[in-house]
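Close look at the chain arrangement
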Amino acid sequence: ITGATNLCVASTITLSDATIGGIWSSSSIAIATIGSGTGIITGVSAGTVTITYSIGSGNATTTLTVNSLPAAFTVTGGGSYCVGSLGVLVGLSTSASGTNYQLYRGALTVGGPIAGTGTGIGFGLQTTSGTYTVMATNATTACTNNMTGSTTITVNLLPTAYTVTDGGNYCLGDTGVHIGLSGSNTGIN
């Protein structure tokens, strides 16, 4: 039997045997299943399983390890901020050692991966509007998993700048002078 000996939960690999016409089987379909009449293996849960290819009175076997996916933690932060300010923080509620976390804005990566610490992690202040998600990759097995949820960043425009008008001198005891703006917008104080 040829092919990979490791796979991740919910992923597939294809095994093959040079002799045609055999039957594939798994020692535990709770760990790995095999497509009917094929060598396509799907990881179901973490563990070790023996895959057998039987033809006539002969058998070939291989041992596969199905690796678990990184634990899913919650994406945190986001929100709105005004143009010119520092931005808003995006992070994870917690992280796992031995796992790297990559921030995405839509399909684009943002910065480089950050190694898990066993506690919450931050990806720094973000200043571009969009929806942010995080993908975890186990540093040893390369199994990946999307973290729970997403966060959105909205960049608010600053109010329109108008010219301060009027003003001037006045004499002590007078009522003062009028000060105003050359224009204004509804909904802005």
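In what follows, the structure referred to is the one given above.
Attention in this report is confined to the structure presented alongside it. (Residues numbered from 1 in each chain as written. Predicted model: local features only at pLDDT ≥ 70, side-chain atom pairs only at ≥ 80, totals over all residues. Heavy atoms only, no water.)

Next up on the list: the nonpolar core. Membership of the largest hydrophobic core comes to 16 residues, with the highest contact counts inside it found for Val 90, Leu 92, Tyr 101, Leu 103, Phe 123, Val 134 and Met 147. Beyond its immediate chain neighbours, meaning those up to four positions away, Val 134 contacts Val 75, Leu 92, Tyr 101, Gln 102, Leu 103, Phe 123, Asn 145, Asn 146 and Met 147. With 14 residues, the next largest nonpolar core counts Trp 24, Ala 32, Ile 34 and Val 66 among its residues. (Core = buried A, V, L, I, M, F, W, Y, C linked by side-chain atoms within 4.5 Å. Buried < 20%, exposed > 50% of the residue type's maximum accessible area, 1.4 Å probe, protein only. Contact = heavy atoms within 4.5 Å.)

So, about the sheet that holds strand β4 (residues 32-34). Strand-to-strand pairing in sheets goes through backbone hydrogen bonds, with the strands running parallel or antiparallel. Judged by pairing direction, the sheet is antiparallel, and its 3 strands sit side by side in the order β2-β5-β4 without closing on themselves. Because the sheet does not close on itself, it has two edges, and the strands there are β2 (12-14) and β4. Across this sheet, the average inter-strand angle for adjacent strands is 25°, counted without regard to direction. In this structure, β2 lies alongside strand β5 (residues 40-43), joined through 3 bridges in antiparallel fashion. Bridging across to β5, Thr 12 finds its partner in Thr 42. (Pairing = 2+ DSSP bridges. Helix = DSSP H or I, 4+ residues; strand = E, 2+ residues; numbered from the N terminus. Axes fitted to C-alpha atoms, helices over the stretch in contact; angles between N-to-C directions.)

Next up on the list: the sheet that holds strand β13 (residues 121-126). Read across the sheet, 3 strands follow the order β8-β10-β13 without closing on themselves; strand pairing throughout is antiparallel. For this open sheet the edge positions go to β8 (75-77) and β13, each flanked by a neighbour on one side alone. This sheet shows a mean twist of 25° between the axes of neighbouring strands, independent of strand direction. Examined bridge by bridge, strand β10 (residues 88-92) and β13 share 4 bridges and lie antiparallel to one another. Looking at β13, one finds that Val 88 is bridged to Gln 126.

Turning our attention to the pairing of strand β6 (residues 47-55). Regular strands place side chains that alternate from one sheet face to the opposite one. Pairing of strand β3 (residues 23-26) with β6, which is carried by 4 bridges, proceeds in the antiparallel orientation. For Ile 23, the partnering residue across the bridge sits in β6 and is Ser 54. The loop that links β6 with its antiparallel partner strand β7 (residues 58-67) comprises 2 residues; one of these, Gly 56, has a positive phi angle of about 60°.

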